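Structure assessment
Now for the letters of each chain:
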Amino acid sequence: MHKEMERIQAAAAAVRRRTDFVPEAAVVLGSGLGGFADMVRQEAVIPYGEIPGFPVSTAPGHAGRLVLGWVESTPVAVMQGRVHLYEGYDPAEVVRPIRLMGALGARSLVLTNASGGIREGLEAGTLMLLTDHISCFVPSPLRGENLDALGPRFPDMSQVYDLELQARARAAAERAGIPLLEGVYLQFPGPNFETPAEIRAFARLGADAVGMSTVVEAIAARHMGLRVCGISCVANRAAGLSGSPLSGEEVIEVANRTAPRFRQLLWNLTAGLGRKNAGEVTV
Ligand code: HPA
């Protein structure tokens, strides 16, 4: 068997030795959102260090735990903290947790992140639903021998962000009275922020917001047939658009400030993703 498949199966077996819980929805918590995992009625909490082959996050604001439990009647797997390419991990390592959650049974995936707003109106503290993405200078997580057991060599990416999940996210935001803007997210490798010239270039490429995660995870999830939703917390105006320098501290500060709203939105969205609801909403 392909080495990466063996690693995914070893990680799944380690989780299975702890619990037989089968998630329906998987969630990846970005900067500032870790508190969401504490709202979940927890069945099992597994530190990444106890899952063989699992990459351990070094980024600030990212605890490293896989939480399995319930959002109302929806069984969820929540990654409290993710790893990024800029930490030095290979793309295959960055997406291993996604593939693990798929192997555990998850059928949909909600990816969250913090980003810099490029388009006018995407100010610090706004939430943006991802309608599409641009992968920019970021290697594909599917590079190398294809994992045929998961998906095809050349997977389609014409609708990465599931239309029904988008509709559900809009409805969840509306119910909570939370404004939810929409746009195209561009992943830049980091860890340095972009230059103003790069941001001007990305605006011309069609990007509305820029960040350092999510796209590789969304690609791996689509490859294995998961339905994907992405929501970003715009933490700052992108480089050159606000007149002040960017800092990781500012990102964390704004993400933390926006977190209560973001958590509520995420709760409303995932609460509707239980098996009995799957497929009810059409667009
Ligand atoms: N650029 C890249 N990643 C980010 C930003 C940004 O401006 N803000 C939060 N994450």
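Source: prediction; values computed, not measured.

Things to note about the site of the ligand
If you check the shell around the ligand, you find Ala114, Ser115, Gly116, Phe193, Glu194, Val210, Gly211, Met212, Asn236, Leu246 and Val251 and nothing else. Here a nitrogen atom of the ligand and a side-chain polar atom of Asn236 are 2.7 Å apart. Mapped onto the shell around the ligand, the elements with two or more residues apiece are strand E5 (108–117) and strand E8 (209–211). Tallied by class, residues from the shell around the ligand come to 6 nonpolar, 4 polar and 1 charged.

So, unusual backbone geometry
Residues apart from glycine generally show negative phi values, whereas peptide bonds are mostly found in trans. Cis geometry marks the peptide bond from Gly190 to Pro191; its omega dihedral reads 5°. One can find Pro191 in the loop between strand E7 (180–187) and helix H5 (196–205). Backbone geometry at Phe137 places phi at a positive 65°, although glycine is not the residue there. Turning to its location among the elements, Phe137 is positioned in the loop between strand E6 (127–135) and helix H4 (163–176). Look at Thr214: it is not a glycine, yet its phi comes out positive at around 75°. Structurally, the position occupied by Thr214 is in the loop between E8 and helix H6 (215–223).

A closer look at the environment of Leu266
Within the secondary structure, Leu266 is located in helix H7 (residues 248–271). Under the relative-accessibility criterion, Leu266 is labelled buried at 0%.

Details of H4
Taking 1.5 Å per residue, 14 residues should reach 20 Å; H4 reaches 20 Å between its end C-alpha atoms and fits that length. The complete set of buried residues in H4 reads Glu164, Leu165, Gln166, Ala167, Arg168, Ala169, Ala172 and Ala173. Of the residues flanking the end of H4, it is Gly177, one or two places downstream, whose phi is positive at about 65°.

Some remarks on the confidence of the model for the chain
With 95% of its residues at a pLDDT of 70 or more, the chain shows a mean pLDDT of 93. In the predicted structure, residues 278–283 sits below a pLDDT of 50 and forms 13 contacts with residues beyond four places in sequence or in another chain.

Some thoughts on the nonpolar core
Counting 42 residues, the largest nonpolar core has Val15, Ile51, Leu66, Ile98, Leu100, Met101 and Leu109 as the members making the most contacts within it. It is helix H1 (residues 3–18) that contributes the most residues to this core, 5 residues altogether. Here Leu109 is in contact with Ala26, Val27, Val28, Ile98, Met101, Glu217, Ala221, Leu226, Arg227, Val228 and Cys229, once residues within four sequence places are set aside.

Some points on the pairing of strand E1 (residues 25–29)
The buried fraction of E1 is high, at 5 of 5 residues. Side chains Ala25, Val27 and Leu29 of E1 all project onto a buried face; the interleaved residues Ala26 and Val28 project onto the opposite face, where all are buried too. Note: E1 against strand E4 (residues 74–80), 5 bridges, orientation parallel. Across the sheet, residue Ala26 finds its bridge partner in E4, namely Ala77. Both E1 and E5 contribute to a ladder of 4 bridges, which runs parallel. Each residue of the ladder has a partner; that of Val27, found in E5, is Val110.

Cut-offs used in this document
- Residues numbered from 1 in each chain as written.
- Predicted model: local features only at pLDDT ≥ 70, side-chain atom pairs only at ≥ 80, totals over all residues.
- Heavy atoms only, no water.
- Near = heavy atom within 4 Å.
- Polar contact = N/O pair within 3.5 Å; in protein donor to acceptor, adjacent residues only side chain to side chain.
- Helix = DSSP H or I, 4+ residues; strand = E, 2+ residues; numbered from the N terminus.
- Nonpolar A, V, L, I, M, F, W, Y, C, P; charged D, E, K, R; others polar.
- Buried < 20%, exposed > 50% of the residue type's maximum accessible area, 1.4 Å probe, protein only.
- Expected span 1.5 Å × (residues − 1).
- pLDDT = per-residue confidence, 0-100.
- Contact = heavy atoms within 4.5 Å.
- Core = buried A, V, L, I, M, F, W, Y, C linked by side-chain atoms within 4.5 Å.
- Pairing = 2+ DSSP bridges.

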